[in-house]
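Close look at the chain arrangement
In case you want the letters, here they are:
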There are 2 protein chains.
Amino acid sequence: MEENEQLNEAKELLDSHLNETIDKELSPADLAQHLKTLKKHDEELFGEYLEKLDPEILGDVAIEMPDHMLKDVIEQIPSDKIIEAIEELESDDAAELLEYIEEIDEQKAKELFDGLDKDDQEEILRIRSYDEGEAGAFMQTELFSAHIDEQLKTAVERLRREKEEGKLENVSQLFITDKKGVLLHAVPLEDLILFDFNQTLKEIISKSEEDKYKPNVAVDNEPIETVVETVENYDMNSIAVVDSKGYLLGRITTDDIHDFIKESATEQIYNLAGVDDEAEEEDTSLVKATRARAVWLLINLFTALISSSIIGLFDETIASYVALAVLMPIVASMGGNTGTQALTVTVRRLTLGEIEFKNAANALKREVGIALINGLTFAFLMGVIASLWFNRPMLGVVIGASMLINLFFAGFFGTLIPLTLKKFDIDPAVGSAVLLTTVTDTVGFFSFLGLAKWILL
Amino acid sequence: MEENEQLNEAKELLDSHLNETIDKELSPADLAQHLKTLKKHDEELFGEYLEKLDPEILGDVAIEMPDHMLKDVIEQIPSDKIIEAIEELESDDAAELLEYIEEIDEQKAKELFDGLDKDDQEEILRIRSYDEGEAGAFMQTELFSAHIDEQLKTAVERLRREKEEGKLENVSQLFITDKKGVLLHAVPLEDLILFDFNQTLKEIISKSEEDKYKPNVAVDNEPIETVVETVENYDMNSIAVVDSKGYLLGRITTDDIHDFIKESATEQIYNLAGVDDEAEEEDTSLVKATRARAVWLLINLFTALISSSIIGLFDETIASYVALAVLMPIVASMGGNTGTQALTVTVRRLTLGEIEFKNAANALKREVGIALINGLTFAFLMGVIASLWFNRPMLGVVIGASMLINLFFAGFFGTLIPLTLKKFDIDPAVGSAVLLTTVTDTVGFFSFLGLAKWILL
């Protein structure tokens with residue numbers, strides 16, 4: 001597409017959003033995308049449109065923005081309006097946006113936070129008091145709840161009011177608590193709509209099948225991974241978050257679950273490749289991304305030097321028979337690939353909960369089995385190729401034997417490394433690939449050159 | 001845990017499920033897991049419990065089973081009961097389960113299909129008529145819909161009936177159609193519960209804000225990826241599926257979206273590592289998994305032979321200066337790692353929609369920039385190390401220069417390969433790693449040995 005066309009399209013869509021003439025409502029992500037296009041082509045025009053955004057949507061759009069645009073927001077939009085925008089957000093999103101702003105300008109974040117309602121402040125502090133991976137960090141405090149002695153119609157009237165005031169959206173359950181706020185039941189709206197609105201919730205529950213509305217809950221400090229599992233196993237649209245005593249604190253909705261699943265997949269893919277996911281956001285500076293990747297390359301250089309020094313031990317062997325230098329990378333490469341297959345499958349199956357420590361021995365047996373069968377196949381194949389290529393049968397025997405040895409080690413360590421990391425509560429995707437190639441390169445070079453020295457010379 | 005303990009725990013939990021004495025309902029995934037433990041320790045006991053499972057839950061549990069257990073189901077459970085279980089399932093799950101059964105025993109699948117109601121048969125055929133990646137393949141036909149002229153209370157009464165009959169669950173919206181079945185509006189239950197049940201839907205809609213209930217839809221043959229994007233952008237719990245003329249066909253619920261996000265992440269991680277995700281299911285036979293992995297190892301062997309033959313061109317150079325054989329894998333390894341970083345980031349950003357073809361040039365510039373800066377750093381570092389190690393400064397110059405060249409190519413091809421594959425609609429994660437290592441090995445060996453021959457000898 002022509003640059004101008006892109007600009008015009010973005011401008012048109014933003015206009016239709018602002019004038020409410022658009023057929024299909026634009027999502028915050030779309031709006032952020034169009035603003036980005038505007039900014040790329042015409043900084044001034046971008047500023048104008050930014051200022052025209054309603055506080056009602058501004059917060060949602062700001063969350064979707066890369067840092068450099070968020071910076072424009074906090075510099076160009078008056079604090080009052082940003083505060084209003086933050087108050088429009090659900091509490092988890094408000095906490096998130098403030099965190100982003102804090103990363104850019106700590107002072108400003110403090111100023112905005114101080115401008116918020118006392119209630120909003122408390123909610124945000126509560127959410128931010130949890131660790132990154134805890135359920136509480138993903139919850140929003142806005143929810144539809146009622147006291148067990150209330151009439152259903154009173155609860156529904158409250159829902160109406162809170163929705164009208166823009167305080168509550170994306171509701172899928174009514175959470176019923178006792179007087180003290182301990183969660184007793186969770187009733188999905190699809191059931192609620194069928195009940196007699198004049199009855200109290202106690203009456204409604206007592207007439208239902210026992211335990212029908214017993215809630216699946218997330219405890220605030222349990223790891224988000226187990227919450228995701230519960231939500232998936234029971235096909236839930238949202239889940240209540242309670243503290244260790246059962247008090248209702250908030251809820252986690254599926255959009256947060258989606259984001260989490262997607263982000264953890266990205267993190268895992270990146271970690272396996274020696275890339276730091278946090279340094280690869282769309283707008284991370286080149287310098288920061290380069291530096292983060294250099295760390296892994298440095299570690300790799302160090303391990304490559306170790307395996308090279310193995311080759312150095314056999315320099316005389318190589319000097320007297322150069323074919324060894326030609327073939328040696330093949331043994332290492334096949335080991336690396338076999339090991340990576342075992343490693344990747346193990347890391348992923350650990351994530352998916354298919355492997356646990358009680359069946360770790362089975363996984364290890366399986367992977368070593370696969371590696372050994374393929375080891376035999378490729379040992380034979382490569383043995384024949386090497387014999388014919390250099391017209392020396394014993395060279396075939398040497399490379400075959402070392403291939404088999406290396407592929408065995410590859411399967412074994414490809415499985416053992418992530419299992420061990422996981423056992424010590426270290427992310428099995430981080431660093432495991434580098435460790436593994438160190439093993440497969442070292443074993444590959446050593447077994448091949450060692451056998452050659454012993455058998456051939 | 002002791003083997004016996006595992007067995008007893010599984011047995012206890014299954015008992016409490018069957019006797020309904022359990023505190024928290026077990027999910028189908030849990031039940032399948034406990035049955036698996038039983039089967040592992042006591043085949044006969046497993047059979048007994050399998051037969052005790054209610055048709056109401058049997059289908060859901062069967063979907064979660066590995067193939068070898070599903071085989072037991074179709075062999076041990078009478079067809080009548082399996083048919084009943086399939087009819088209890090939502091249509092998308094029924095289609096899925098029949099597909100699994102078909103893979104095990106085509107004849108049996110046909111028999112079961114023939115035993116289903118005509119309506120169920122039609123729904124399943126409709127769902128199975130779509131291609132694997134199309135929205136229609138993910139939809140279920142069970143939904144809560146109403147005609148625009150109906151009173152809300154009539155619709156709600158129908159919801160009550162269909163829920164009581166077990167025909168409908170996980171409802172989050174009412175889909176409103178015209179006489180012909182064209183979708184007009186989608187009203188979330190959290191709004192529906194607030195309306196006057198005696199009014200017709202037409203009256204309700206006409207009093208609402210214009211376009212408030214305009215539905216975000218998925219067209220039946222659009223790719224599931226764009227549906228996932230819509231669901232995420234608008235934080236939806238379910239989305240209507242319509243045909244090209246707007247007729248309401250079904251809906252896709254978040255549990256299906258979850259499964260899709262998770263499965264595509266697994267597929268991508270596996271493909272990047274040269275592993276076929278379909279051959280790595282928990283219960284795939286060792287032989288099948290081994291064979292699938294061997295295919296990629298064979299391709300890798302072939303490309304490794306190509307890069308080795310490059311080394312063969314320089315056998316005299318190596319023979320006269322063995323240090324080259326020692327250092328040569330370092331150049332290849334650093335190139336491979338740098339390239340993998342660029343490749344992984346590009347593949348993932350393509351998936352996340354952060355890179356499109358209109359900004360591909362920017363992505364390429366960025367990745368080459370990162371690779372070049374790191375190339376300079378590591379060229380210098382390795383140059384110094386090699387000079388000192390072998391006490392020959394020009395060797396440092398050679399390895400530095402070839403490192404820089406190889407890291408440039410690594411960044412360039414690491415980005416270009418997935419972009420090109422994607423352009424031709426090939427999954428950019430499949431095969432790209434092998435292609436890339438061919439480039440980085442070949443360029444690494446050729447530049448290093450070539451420069452050495454030219455400068456050192």
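As the structure is a computational prediction, the values presented were derived from the model and not from experiment.

Sites flagged by UniProt as "domain: CBS" (unreviewed entry) map to residues 210–267 of chain A. End C-alpha to end C-alpha, residues 210–267 of chain A measures 42 Å, and it is 41% helix and 24% strand.

Here we come to unusual backbone geometry. Positive phi values are uncommon outside glycine, yet Asn391(A) reaches one of about 55 degrees. Tracing the sequence through the fold places Asn391(A) in the loop between helix H18 (360–390) and helix H19 (393–423). The class of Asn391(A) is exposed, set by a relative accessible area of 67%. Notably, Asp235(B) is not glycine yet its phi reads approximately 45 degrees, a positive angle. Examined against the element boundaries, Asp235(B) turns out to sit in the loop between helix H13 (224–233) and strand E5 (238–242). In this structure Asp235(B) comes out as partly exposed when scored by relative accessible area, which is 33%.

Residue and element names in this part refer to chain B. Counting buried positions over the 5 residues of strand E2 (residues 173–177) gives 5, a clear majority of the element. Of the two faces of E2, the one holding Gln173, Phe175 and Thr177 and the one holding Leu174 and Ile176 are both buried throughout. Pairing geometry for strand E1 (residues 145–147) and E2, over 3 bridges, is parallel. Bridged to Ser145 within E2 is Phe175. Here E2 pairs with strand E3 (residues 183–188) via 5 bridges, running antiparallel. Directly across from Phe175, in E3, lies its bridge partner Ala186.

For the rest of this paragraph, the subject is the interface of chain B and chain A. Contact with chain B, which involves 109 residues of that partner, is made by 107 residues of chain A. If you look at where chain B meets chain A, you find 8 salt bridges. A salt bridge links Glu367(B) to Arg293(A), with the shortest nitrogen-to-oxygen separation between them at 2.8 Å. Taken together, the residues of the side of chain B that touches chain A break down into 55 nonpolar, 27 polar and 27 charged.

Turning next to the relation of the copies chain B and chain A. Between chain B and chain A, the superposition needs a rotation of 180 degrees and an axial shift of 0.0 Å, giving an RMSD of 0.1 Å. The superposition of one copy onto the other is thereby described by a two-fold rotation axis. Of the C-alpha atoms belonging to chain B, the one lying closest to the rotation axis is found on Ala319(B), 2.5 Å away. Most of the interface of chain B is mirrored in chain A, where 98% of its interface residues again form contacts.

As a general point, the strands of a sheet are linked pairwise by backbone hydrogen bonds and lie either parallel or antiparallel. All names here are of chain B. A sheet is described by the order of its strands in space; here 3 strands give the open sequence E4-E5-E6, paired in mixed fashion. One side of each edge strand has no neighbouring strand; the edge strands of this open sheet are strand E4 (217–219) and strand E6 (248–253). Shown here is a sheet whose adjacent strand axes are inclined to one another by a mean of 35 degrees, direction ignored. Pairing analysis gives 5 bridges linking E5 to E6, with the strands arranged antiparallel. Bridged to Val241 within E6 is Gly250. Docked against the sheet, H13 engages E4, E5 and E6, running at close to 140 degrees with respect to E5.

In the UniProt entry, the feature "transmembrane region" (unreviewed entry) is given for residues 294–314, 320–347, 368–390, 396–421 and 433–456 of chain A. Summarising residues 433–456 of chain A: 96% helix, 0% strand, and an end-to-end C-alpha distance of 33 Å.

This next bit is on the sheet that holds strand E2 (residues 173–177) of chain A. Residues and elements named next belong to chain A. The sheet built from 3 strands is open, its strands ordered E1-E2-E3 with mixed pairing. The sheet terminates laterally at strand E1 (145–147) and strand E3 (183–188), the two strands that pair on one side only. Averaged over all pairs of adjacent strands, the angle between strand axes in this sheet comes to 25 degrees, irrespective of strand direction.

Before going further, it helps to examine the confidence of the model for chain A. As a note on interpretation, predicted positions should not be read in detail where pLDDT is low. All names here are of chain A. On average, residues of chain A carry a pLDDT of 92, and 98% of them reach 70 or more. Across chain A, E2 holds the top mean pLDDT of 97, while helix H1 (residues 3–18) sits lowest at 82. What the predictor reports for the complex is a pTM of 0.85 with an ipTM of 0.84.

Enumeration over the complete set of coordinates arrives at 17 aromatic pairs over all chains. Centroid distance Trp389(B) to Phe390(B): 4.8 Å. Interplanar angle 25 degrees. Geometry classified as stacked. Using a relative accessible area of 37% as the deciding quantity, one classes Trp389(B) as partly exposed. Put simply, the rings of Phe408(A), Phe409(A), Phe412(A) and Phe413(A) touch in pairs and so form one group of aromatic residues. Seen from the ring of Tyr321(A), Arg392(A) lies directly overhead, with NZ or CZ sitting 4.8 Å from the centre. Taking NZ or CZ as reference, Lys52(B) lies 4.6 Å from the ring centre of Tyr49(B), over its face.

Before going further, it helps to spend a moment on the pattern of salt bridges. Counted by the stated rule, this structure contains 28 salt bridges over all chains. Its salt-bridge partner being Lys163(B), residue Asp191(A) comes within 2.5 Å of it at the nearest N-O pair. With Asp191(A) in helix H11 (residues 189–192) and Lys163(B) in helix H10 (residues 152–164), this pair bridges two chains. Lys110(B) is paired through a salt bridge with Asp114(B); the nearest N and O atoms lie 3.0 Å apart. With Lys110(B) and Asp114(B) both in helix H8 (residues 106–115) and 4 residues apart, this pair spans about one turn of that helix. When its relative accessible area of 48% is taken as the criterion, Lys110(B) is described as partly exposed. A residue is classified by how much of its surface remains accessible, and Asp114(B), at 46% relative accessible area, is partly exposed.

This paragraph deals with the pairing of E6(B). Counting buried positions along E6(B) gives 6 out of 6 residues, so the element sits mostly inside the fold. Connecting E5(B) to the next strand, E6(B), in antiparallel fashion are 5 residues, including Gly246(B) with a positive phi near 95 degrees.

Let us now look at the packing of helix H14 (residues 254–272) of chain A against helix H14 (residues 254–272) of chain B. Their axes nearest at 10 Å, the elements H14(A) and H14(B) cross at an angle of 5 degrees. Judged on the interaxial angle alone, H14(B) and H14(A) are roughly parallel. In this structure, H14(A) uses Thr254(A), Ile257(A), His258(A), Ile261(A), Lys262(A), Ala265(A), Gln268(A), Ile269(A) and Leu272(A) to contact H14(B), whose residues at the interface are Thr254(B), Ile257(B), His258(B), Ile261(B), Lys262(B), Ala265(B), Gln268(B), Ile269(B) and Leu272(B). Across the contact of H14(A) with H14(B), the residue classes tally to 10 nonpolar, 6 polar and 2 charged.

Checked against the element boundaries, Ala279(A) lands in the loop between H14 and helix H15 (286–313). Remark: the alpha-carbon pair of Ala279(A) and Ala292(A), spanning 13 residues in sequence, is separated by 6.5 Å.

The next subject is the packing of H15(A) against helix H20 (residues 432–455) of chain A. All names here are of chain A. Interaxial distance between H15 and H20 falls to 9 Å at its minimum, and their mutual angle equals 15 degrees. Comparing the axis directions of H15 and H20 gives the class roughly parallel. In this structure, H15 crosses over H20, and the sense of that crossing is right-handed. Contacts between H15 and H20 involve Trp296, Ile299, Thr303, Ser307, Ile310 and Ile311 from the former and Val434, Thr438, Asp441, Thr442, Phe445, Phe446 and Leu449 from the latter. The residue inventory of the contact of H15 with H20, partitioned by class, reads 8 nonpolar, 4 polar and 1 charged.

Rules used in this analysis
Here the residue numbers are simple positions, counted from 1 along each chain's written sequence. Here the convention is simple: chains get letters from A, ligands get numbers from 1, in the order in which they are written. Side-chain atom pairs in this predicted model are given and counted only at pLDDT of 80 or more, local residue features only at pLDDT of at least 70, and totals for whole chains, interfaces and linings cover all residues. With hydrogens and water stripped out, all remaining heavy atoms of the structure feed into the side-chain values. UniProt positions are given in the numbering used here, feature names are shortened, and annotations may be inferred rather than shown by experiment. Secondary structure elements are taken from DSSP: a helix is a run of H or I of four residues or more, a strand is a run of E of two residues or more, and numbering for both begins at the N terminus. Only protein chains enter the accessibility calculation, which uses a 1.4 Å probe. A residue is then buried if its area is under 20% of the maximum for its type, exposed if over 50%, and partly exposed in between. Pairing between strands is defined by DSSP: at least two bridges between the two strands are required. We call two residues contacting when some pair of their heavy atoms lies within 4.5 Å. We define a salt bridge as a contact between a side-chain nitrogen of Lys or Arg and a carboxyl oxygen of Asp or Glu at a distance within 4 Å. The nonpolar class holds Ala, Val, Leu, Ile, Met, Phe, Trp, Tyr, Cys and Pro. Asp, Glu, Lys and Arg form the charged class, and all remaining residues, Gly among them, are polar. For this overlay, a least-squares fit was computed on C-alpha atoms, restricted to residues scoring pLDDT of at least 70 in both copies. What counts as an axis is a line fitted to C-alpha atoms, over the stretch in contact for a helix, and the angles between N-to-C directions run from 0 to 180 degrees. For every residue, the pLDDT score states the predictor's confidence, bounded by 0 at the bottom and 100 at the top. For this analysis, a ring pair means two rings from Phe, Tyr or Trp (six-membered ring only for Trp) whose centres lie within 6.5 Å, classed as stacked if their planes differ by under 30 degrees, edge-to-face if by over 60, and tilted for the remaining angles. Put simply, a charge is over a ring when the Lys NZ or the Arg CZ is close to the ring centre, within 6 Å, and near the line of the ring normal, within 35 degrees. Should an angle lie under 35 degrees it is considered roughly parallel, over 145 roughly antiparallel, and from 65 to 115 roughly perpendicular; all remaining angles are considered oblique. Each helix crossing is assigned a hand: it is left-handed if the near helix lies turned anticlockwise from the far helix by less than a right angle, otherwise right-handed if that turn is clockwise.

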